[in-house]
Every structure is written in structure tokens, then in C-alpha cells.
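Here's the letter readout for the chains.
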Amino acid sequence: MTIRMKRFVLAALASLVPVILSAQAQINTKKTKIEDFTEKTTKIVLTGNLFFDAAFKDEIRSRWRISPFEFCTLQEFEKIRTDDEYYFLMVVKGQFRKESEPGLAMLSVMKGGAAAAKGLDRMLDVVTVPVMSAEDPDGREFVFLPALLDIVQEHILLSMEKDIAAYSGLANYTMNLSRSDDMDIVFAEDDLADGMKEELVKLHPRHGISVTDTDEADRMMTDRRPGTLISYTVSPADAKPGSYCYKMLINAETHELFYYRKHRITKRFGPGFLLEDISRIVSR
């Protein structure tokens, strides 16, 4: 082989490297890793709390539609979590770096596999959504659990189609606000940070925004009131600086997620929708 020919071969091989690397990256994307989700069994891991588990099982039976499922106990989960033939849907407690103990309970979908032997944090996280305070939840989780399960399922299906959905997470759904011009937005009083009720009252009815007591907002959610976004916040029962508050607006009728953000709780900013959130929502 002549020197000229060697250079040509090297040049040709070099031109193939980006293609090979691109193909390898595509194979290893999150979208590819979960493309078998609908074909494999999802193990629904029960919490051991009889009251919550009864409602959890009822909602799963009536709402879970994207994969075969089976219920299992925490003890069974420990034995099979390294099996990549299963996905797991479970309630996990989340602890942020500056918290002395877990403050939130999250609804999480994870893929089984060998990495699970090293801990839950090593499992592939498909989607995680906050559901309630880890200690002393207020009961609203039962009202919003049907919607959260629907949100989880829709996100999984979208993540199987698009890598951007798989990696961007639920925050990306805030873009749905652009479709809410002709919709009512109802905030539960308990979902507002201090002083925000007065700010919101000024905006009604010009922006289709209103504030109501929490029980009434929950009734609208349960009744699946058409054309209405309902607020839902999740924060520790005893929220302290260093913890986080998650804020959501959910379409009561369709269970679509229209707003999803979080903020760190400080001495200045407590739990609930802040003025920053209100400004974003008003400018939709």
C-alpha cells in the first residue's frame, strides 16, 4: 500500500469516527434504555401503609394502561430490584442536601438492573414527581393521585419517543401555559405563599385567575371541571430553610401538566406559589 493510499484509508476511517460515535451515543440514550417499557411488567411497590395502599391499588387498577403491572411488597422489591426484566413504580422519600431528614415523598418510576445492588440512587430514573409531605401529609395527595399517575404515564410514553422529553423532565411541560389563554386558573389558598392571595385578587377577572378555599379547589379537581387549571403544591409539613417546594398547575379535565417548578425554601421565601411564579403565569 502506497503512502498516498495509507493516507486515504486513514482519512476515510477518521471520517467514520463521528458516525460511529454518534450511533453509539444514540444506542445509549435514555430514550433507548426505556424503549421496552410497554413490553415489560411494572411492579407496583406498596408502601406498607394500609390506608394509602388501598387508594393506591384502586387508582392503579383503574388508571394504569401503558404496561402490564403487578403489585409487590417492599420485601419482594428488595429481592428483585436487580432484575432488568422489571420496572418499578414506588413511593420514595427524598432528602435534599441541606435537609436533616427526608421532607418529601415522591412517586418514582425506575428500571431494575444490576446497578440497583448499589442503592436506589443508582437505578435508572424514568420519571419522578412529588406527591406529598414525607411526614404528616395533608390528604390532598388522594385528590391529585389520579392526575399524577396520568402525568407519569404520559411522560413515559413521550420519553420513549423523544430524548428531549426523557432528559428535560417535567419542567418542560410549563411550555403548555401558552395554550391556556382561554382557560380558568384556580389557586387553592393553601398553595399560595404569604401575601400572594392579595396579588392574585388584583388579577381577577382580567387574566382568568381566581383564588378559592382549598376544599373547593379540590372539588373542582375531583369533578374534572372543564377548561380549568388547578394548583397543587408539595412541600414538607414542617418546611424549613434548605427544603424545597414544588408547584404545579394541572388541567382538571385532562390531567395534563401545565406548570411545574420548584424553589428552595428560605427565611424570605416560604412554601407556595411566589410572585415570580405568578408573573410567569400571568404572562402566558
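So, here is what we can say about the structure in this document. Since this is a predicted model, take the numbers as computed values, not measurements.

1. Some details on the packing of helix α3 (residues 50-63) against helix α5 (residues 140-161)
Relative to each other, α3 and α5 sit at 45°, their axes nearing to 10 Å. The angle between the axes of α3 and α5 places the two elements in the oblique class. Handedness of the α3/α5 crossing: right-handed. In this structure, α3 contributes Phe51, Phe52, Ala55, Phe56, Glu59, Ile60 and Arg63 to the contact, and α5 contributes Phe142, Leu145, Pro146, Leu149, Asp150 and Gln153. Taken together, the residues of the contact of α3 with α5 break down into nine nonpolar, one polar and three charged.

2. Overview of helix α9 (residues 275-282)
For α9, every residue scored as buried is listed here: Asp277, Ile278 and Ile281. Buried residues of α9, viewed axially, fall in a sector of 100°; they line one side.

3. Observations concerning the packing of aromatic side chains
Counted according to the given criterion, the structure contains eleven aromatic pairs. Ring geometry for Tyr246 versus Tyr260: centroids 5.9 Å apart, planes at 45°, classification tilted. Pair noted here: Tyr246 is in strand β9 (residues 244-251) and Tyr260 is in strand β10 (residues 257-264), with a separation of 14 residues, a long-range link. Of the two residues examined, Tyr246 and Tyr260, each falls in the buried class. Three or more aromatic residues joined by ring pairs form one cluster here, namely Phe51, Phe52, Phe56 and Phe142. The residue whose ring lies beneath Lys262 is Tyr244, and the NZ or CZ to ring-centre distance is 4.9 Å.

4. Looking at the pattern of salt bridges
The final tally for this structure, using the stated rule, is 19 salt bridges. Among the ionic pairs, Arg65 bridges to Glu154, the shortest N-O distance being 2.4 Å. On the criterion of sequence distance, the pair formed by Arg65 in the loop between α3 and β2 (69-72) and Glu154 in helix α5 is long-range, its members being 89 residues apart. Classification of Arg65 by relative accessible area gives partly exposed; the value is 46%. Overall, Glu154 belongs to the partly exposed group, its relative accessible area being 42%. A salt bridge links Asp277 to Lys247; its shortest N-O distance comes to 2.9 Å. Within this pair, whereas Asp277 is found in helix α9, its partner Lys247 is found in strand β9, the two being separated by 30 residues in sequence.

5. Some words on the pairing of strand β8 (residues 228-234)
Of all the seven residues making up β8, seven are buried; the element is thus mostly covered by neighbouring parts of the structure. As paired elements, strand β6 (residues 184-188) and β8 share three bridges and run parallel to each other. Bridged to Asp184 within β8 is Thr228.

Reading the values: rules and limits
- Residues numbered from 1 in each chain as written.
- Predicted model: local features only at pLDDT ≥ 70, side-chain atom pairs only at ≥ 80, totals over all residues.
- Heavy atoms only, no water.
- Axes fitted to C-alpha atoms, helices over the stretch in contact; angles between N-to-C directions.
- Helix = DSSP H or I, 4+ residues; strand = E, 2+ residues; numbered from the N terminus.
- Parallel < 35°, antiparallel > 145°, perpendicular 65-115°, else oblique.
- Left-handed = near helix turned anticlockwise from the far one by under 90°.
- Contact = heavy atoms within 4.5 Å.
- Nonpolar A, V, L, I, M, F, W, Y, C, P; charged D, E, K, R; others polar.
- Buried < 20%, exposed > 50% of the residue type's maximum accessible area, 1.4 Å probe, protein only.
- Arc of directions from axis to C-beta.
- Phe/Tyr/Trp six-rings, centres within 6.5 Å; stacked < 30°, edge-to-face > 60°.
- Lys NZ or Arg CZ within 6 Å of the ring centre and 35° of its normal.
- Salt bridge = Lys/Arg side-chain N within 4 Å of Asp/Glu carboxyl O.
- Pairing = 2+ DSSP bridges.

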